Amino acid sequence: MATEQLIELNVTGMHCNNCAISIHNLLEKKGLQNILVDFAGEEVKFSTNDDTKVPEIIKGIEQLGYKVIDDPTLHSPKFYEKIENKFIFCLIFTVPLLLHMISPWHFLQEPIVQLLLCIPVFLVGCLHFGRSAFSSVKNGLPNMDVLIFVGSSAAFIYSLVGTIENMGEKYQFYETCATIITLVLLGNVFEKRSVTQTTSAVKDLVKIQQVNATRVINGGTEVISARDVVVGDILLVNQGDKIPVDGDVLSGDASVDESMLTGESLPVEKKKYDKVIGGTIIQHGNIKMMATKVGSNTVLAQIIDLMKKAQAAKPPVQKLGDKVASVFVPAVILIALLTFVVTYYAAHTGMQTALMNAIAVLVISCPCAMGLATPTAVMVGLGRAAKNGILIKGGDTIEAVANTKFVVFDKTGTLTTGKFRIHEIKVEDGNDIEQVRGIIVAIEERSNHPIAKSLVNELKPLLQQKVILLKAAEEKGLGMRAEDVEGNHYFLGTAKSSDGDFNLSLYKNQKLLAQIAIDDEIKPDAATLITQLKKMGIMPVLLSGDKQSRCLKVANAIGITDVHGEKLPDEKLAVIDIYKQKGKTIMIGDGINDAPALTQADVGVSMNDASQVAIQSARVILLNTDLHSVVKFLQISKHTLITIKQNLFWAFAYNVVAIPIAALGFLNPMVGAFAMAFSDVVVIGNSLRLKAKRLS
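Residues numbered from 1 in each chain as written. Predicted model: local features only at pLDDT ≥ 70, side-chain atom pairs only at ≥ 80, totals over all residues. Heavy atoms only, no water.

(A) Representation of the overall build of the protein chain within the structure. Within the protein chain, the secondary structure is distributed over 23 helices and 24 strands. Counting every position in the protein chain, which comprises 696 residues, the buried fraction comes to 53%. The contacts in the protein chain between residues at least 6 apart in sequence include a share of 68% that link residues at least 24 apart. Carbon and sulfur atoms provide 57% of the accessible area of the protein chain, an area that totals close to 31900 Å². (Helix = DSSP H or I, 4+ residues; strand = E, 2+ residues; numbered from the N terminus. Buried < 20%, exposed > 50% of the residue type's maximum accessible area, 1.4 Å probe, protein only. Contact = heavy atoms within 4.5 Å. Areas by Shrake-Rupley, 256 points an atom, 1.4 Å probe, with all protein chains shown as cover.)

Structural data, given as structure tokens:
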């Protein structure tokens, strides 16, 4: 079976969301998945199992009137291709056409003068809207440009016939034709600029990648682009510099500002052996580092890729808008024809009145607003979350957390700090405590487990008898086995029998040497988080593989009543299933040990882990350690969904009210074009409110 690939294309010539809808419909018609068309960023993405179809897809996009380019950095649009320049050009000719109604200059009222002023605007309209309209009809996917082109052309042709036949002023509607085209272009300008603001979060992250690096080479240094760094390169990073790629500190000390990725305002101290993330800034100090992850493998690149893919995942609420938009253009054309027929034949009005009513119906309609309702809100919501260190995998995740009933927490590293402290070491049969400490340190130095690191850090300063190990190996889920140079065998791992709070046992040659009681600290904001969730009507649940007594101790301290301890991975899945049957369930864990449970829940959230495993297993990644991020994630999701519903309501209500008013003759086509142009801006403006909206 072929692997599904994400294809990315750079497409120029898209001037509004209507263009994006046309390309989206084409790709959807070809059966592609995970489609994202960003007209402001000139990007088209889709998933396919057969990359041999890509040339055919590119040809289809270009037949719609757009151009697929290889490198957007080498392509700059020509002067006459820019939407802003088209608008200004048309405005220069449209203003005199409108002035003839109030100006004392009688020559502006001459039909020939009006025709000459209108022709340049009409030609721009034909090239701009007509080409797109013709291509969309030819491909069986009529778009909004069809409505604009038909409306403006009808006004122009009607006026031209009146001029040729010398029928008088009542047949002159050149200003209507020019104004429709000019105002729709103005709407396109506002739309493109506004939508660009909704994608600012991703663009800010992309800018972070565009830095230089100082590479150590042949005893000297050279400055290169971060794109040219390869794994193994030794780099120097000084105070005030951005760290170019992910790596390990070889020497030096520094305070690193990681807020752009994690949302945490406090700098993080880095020393030898610590890991650093590309894109973060050294506030004080300097380091020498070795590059370990470059290009698309860095944490920052994965975050950018995650956010771009997230925009392609549509919430179910958008499906209604998509269905209506797909039949909207043919329906509006039919309504416009009926308006003309009824007004002219049944109501016995004049030809010009019937035609103006029909044109008003065409230009007042706005499927663009429906198409913009969801993606703009999702982009702003995702961007606000990302700036707070919350990575949400798509709009469908935002809707998936609506009406959440249960939030299930793992214990270690989620509600607790993951930093373990030794409460007591109980030595058996008079064994030497210093020998026991030495054995524990020697064994745990060979492990990367958080408990092992905590034990080593705590015991190293204390008196101990050194032990030299020949070998040591970790048994997943059990503990460490080791052998010293004298042939003694050791096991340090989970206690098999419960003896008070002792949860680790140390054996030498299968004989119990000591028992260790350890515990990790509860995060200071854990109790506040649980209180906030309860106020939101959400029940918190603790689910852990740790001992029931220890789970109850943590749960009682922070206010959780539902506790499930001593659960193996498959048992955790069963618990998640039980809660899912009762209501919407979110699982919050570390993203590695809890990967199955994170996948099983309605939404999996990974706490404080930016590894590849976390990104794959969870639908939301919290890059910072602040538990308030959980509440912020729920609040951002809630308000994003509210904004989507508000946008869709406006888009539907606008058309439901505006089309009948236009059909009944109460709306001038020029006013209709103005209203249509700004209906998109209303939707985008409502979405942009999410950037600074107070969350509750």
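(B) Geometry of the packing of aromatic side chains. Within the structure shown, the criterion is met by eight aromatic pairs. Between Trp650 and Tyr654, the aromatic rings sit 5.7 Å apart at their centres with planes inclined by 40 degrees, giving tilted as the arrangement. With Trp650 and Tyr654 both in helix H22 (residues 628-663) and four residues apart, the pair spans about one turn of that helix. On the basis of relative accessibility, which here comes to 31%, the residue Trp650 falls in the partly exposed class. In this structure, Lys582 is placed above the aromatic ring of Tyr579, and the distance from its NZ or CZ to the ring centre is 5.1 Å. (Phe/Tyr/Trp six-rings, centres within 6.5 Å; stacked < 30°, edge-to-face > 60°. Lys NZ or Arg CZ within 6 Å of the ring centre and 35° of its normal.)

(C) Structural view of helix H3 (residues 83-99). Spanning 17 residues, H3 covers 24 Å between terminal C-alpha atoms, matching the ideal 24 Å at 1.5 Å per step. Largest kink in H3: about 30 degrees, centred on Ile92, with the proline Pro96 one to four residues after it. Taken residue by residue, H3 has Ile83, Asn85, Lys86, Phe87, Cys90, Thr94 and Leu97 as its buried positions. (Expected span 1.5 Å × (residues − 1). Bend = angle between axes of the 7 residues up to and from the residue.)

(D) Focus on the sheet that holds strand S2 (residues 33-38). Taken in spatial order, the four strands make up an open sheet running S2-S3-S1-S4, and their pairing is antiparallel. Every interior strand has two partners, whereas the edge strands, S2 and strand S4 (67-69), have only one. Each strand axis lies, on average, 30 degrees off the axis of its neighbour in the sheet, ignoring direction. Where S2 meets strand S3 (residues 43-48), four bridges bridge the pair, whose relative direction is antiparallel. The residue bridging Asp38 from the neighbouring strand is Glu43, located in S3. (Pairing = 2+ DSSP bridges. Axes fitted to C-alpha atoms, helices over the stretch in contact; angles between N-to-C directions.)

(E) Main features of the pattern of salt bridges. On inspection of all chains with the given rule, the structure shows nine salt bridges. Across the pair Arg215 and Glu222 runs a salt bridge, and its minimum N-O distance is 2.6 Å. With its nearest N and O atoms 4.0 Å apart, the salt bridge here joins Asp274 to Lys271. Asp274 gets classed as partly exposed once you look at its relative accessible area, which sits at 22%. Taken together, the shared-partner salt bridges connect Arg215, Glu222 and Asp233 into one network. (Salt bridge = Lys/Arg side-chain N within 4 Å of Asp/Glu carboxyl O.)

(F) Geometry of the pairing of strand S18 (residues 502-508). Within S18, five of the seven residues are buried, leaving the element largely enclosed by the surrounding structure. Relative to strand S19 (residues 511-522), S18 is paired through five bridges, and the arrangement is antiparallel. Within S19, the position partnered with Lys508 by the bridge is Lys511. What sits between S18 and S19 in their antiparallel hairpin is a turn of two residues, with Asn509 showing a positive phi close to 50 degrees.

(G) Up close: helix H2 (residues 54-63). Turning to H2, its buried residues are Val54, Ile57, Gly60 and Ile61. Buried residues of H2, seen end-on, are gathered within an arc of 115 degrees and therefore sit on one face of the element. Away from its buried face by more than 90 degrees, H2 exposes Pro55 and Lys59. Just past H2, the residue Gly65 takes up positive phi, approximately 105 degrees. (Arc of directions from axis to C-beta.)

(H) Quick peek at the nonpolar core. Grouped together as the largest cluster of nonpolar side chains are 122 residues, with contacts concentrated most on Ile23, Ile61 and Phe633. For this core, the leading source of residues is H22, giving 13 residues. Grouped together as the second largest cluster of nonpolar side chains are 24 residues, Ile439, Ala442, Tyr490 and Leu504 included. (Core = buried A, V, L, I, M, F, W, Y, C linked by side-chain atoms within 4.5 Å.)

(I) The arrangement of unusual backbone geometry in detail. You will see that Asn403, though not glycine, has its phi angle at about 60 degrees, which is positive. By relative accessible area, Asn403 is classed as exposed at 67%. A positive phi angle, close to 65 degrees, is found at Gln510, a residue other than glycine. Tracing the sequence through the fold places Gln510 in the loop between S18 and S19.

(J) Main features of the sheet that holds strand S13 (residues 404-409). One open sheet accounts for seven strands, arranged S12-S24-S23-S22-S13-S20-S21; its pairing is mixed. A strand with exactly one partner marks an edge of an open sheet, and here the two such strands are strand S12 (390-392) and strand S21 (562-564). Neighbouring strand axes in the sheet, compared pairwise and without regard to direction, differ in orientation by 20 degrees on average. Two strands pair when backbone bridges link them, and strand S20 (residues 539-543) and S21 are joined in this way by three bridges, in the parallel orientation. Counted as the bridge partner of Leu542 is Val563 from S21. Those strands touched by helix H18 (residues 548-558) are S20 and S21, and its axis lies near 155 degrees from that of S21. Sheet strands in contact with helix H19 (residues 569-582) are S13, S20, S21 and strand S22 (584-589), and its direction is about 165 degrees off that of S20.

(K) Main features of the environment of Thr182. Checked against the element boundaries, Thr182 lands in helix H6 (residues 174-198). Residue Thr182 is classed as buried on the basis of its relative accessible area of 4%. Placed 492 residues apart in sequence, Thr182 and Phe674 show a C-alpha to C-alpha distance of 9.4 Å. Only 2.7 Å separates the side chain of Thr182 from the side chain of Thr94, close enough to count as a polar contact. (Polar contact = N/O pair within 3.5 Å; in protein donor to acceptor, adjacent residues only side chain to side chain.)

(L) Layout of the pairing of S3. In terms of burial, S3 is a largely internal element, six of the six residues being buried. Burial of the side chains of S3 extends over both faces: Glu43, Lys45 and Ser47 are buried on one face and Val44, Phe46 and Thr48 on the other. Both strand S1 (residues 5-12) and S3 contribute to a ladder of six bridges, which runs antiparallel. Looking at the pairing, Leu6 lines up with Ser47 of S3.

(M) The packing of helix H5 (residues 144-164) against helix H11 (residues 351-364), seen in detail. Put simply, H5 and H11 touch, their axes get as near as 8 Å, and they point 160 degrees apart. The orientation of H5 relative to H11 falls into the category roughly antiparallel. Note on packing geometry: the crossing formed by H5 with H11 is left-handed. On H11, the residues touching Leu147, Val150, Gly151, Ala154, Ala155 and Tyr158 of H5 are Met351, Gln352, Leu355, Ile359 and Leu362. (Parallel < 35°, antiparallel > 145°, perpendicular 65-115°, else oblique. Left-handed = near helix turned anticlockwise from the far one by under 90°.)

(N) Quick peek at a nonpolar patch on the surface. On the surface, Val656, Val657, Ile661, Leu664 and Phe666 cluster together into a nonpolar patch covering about 530 Å² of accessible area. By relative accessible area, which is 64% here, Phe666 ends up exposed. (Patch = residues over 30% accessible without salt bridge, like charges linked within 9 Å, V, L, I, M, F, W, Y side chains within 5 Å.)

(O) Expanded view of the packing of H3 against helix H4 (residues 111-138). Packing of H3 against H4 brings their axes to within 9 Å, and their N-to-C directions diverge by 155 degrees. Overall, the two elements H3 and H4 adopt an arrangement that is roughly antiparallel. Considering how the two elements wind past one another, H3 and H4 form a crossing that is left-handed. Taken together, the residues of H4 that come into contact with H3 (itself represented by Ile83, Lys86, Phe89, Cys90, Phe93, Thr94, Pro96 and Leu97) are Gln114, Leu117, Cys118, Pro120, Val121, Val124 and His128. Looking at the contact of H3 with H4 residue by residue, the class counts come to 11 nonpolar, three polar and one charged. (Nonpolar A, V, L, I, M, F, W, Y, C, P; charged D, E, K, R; others polar.)

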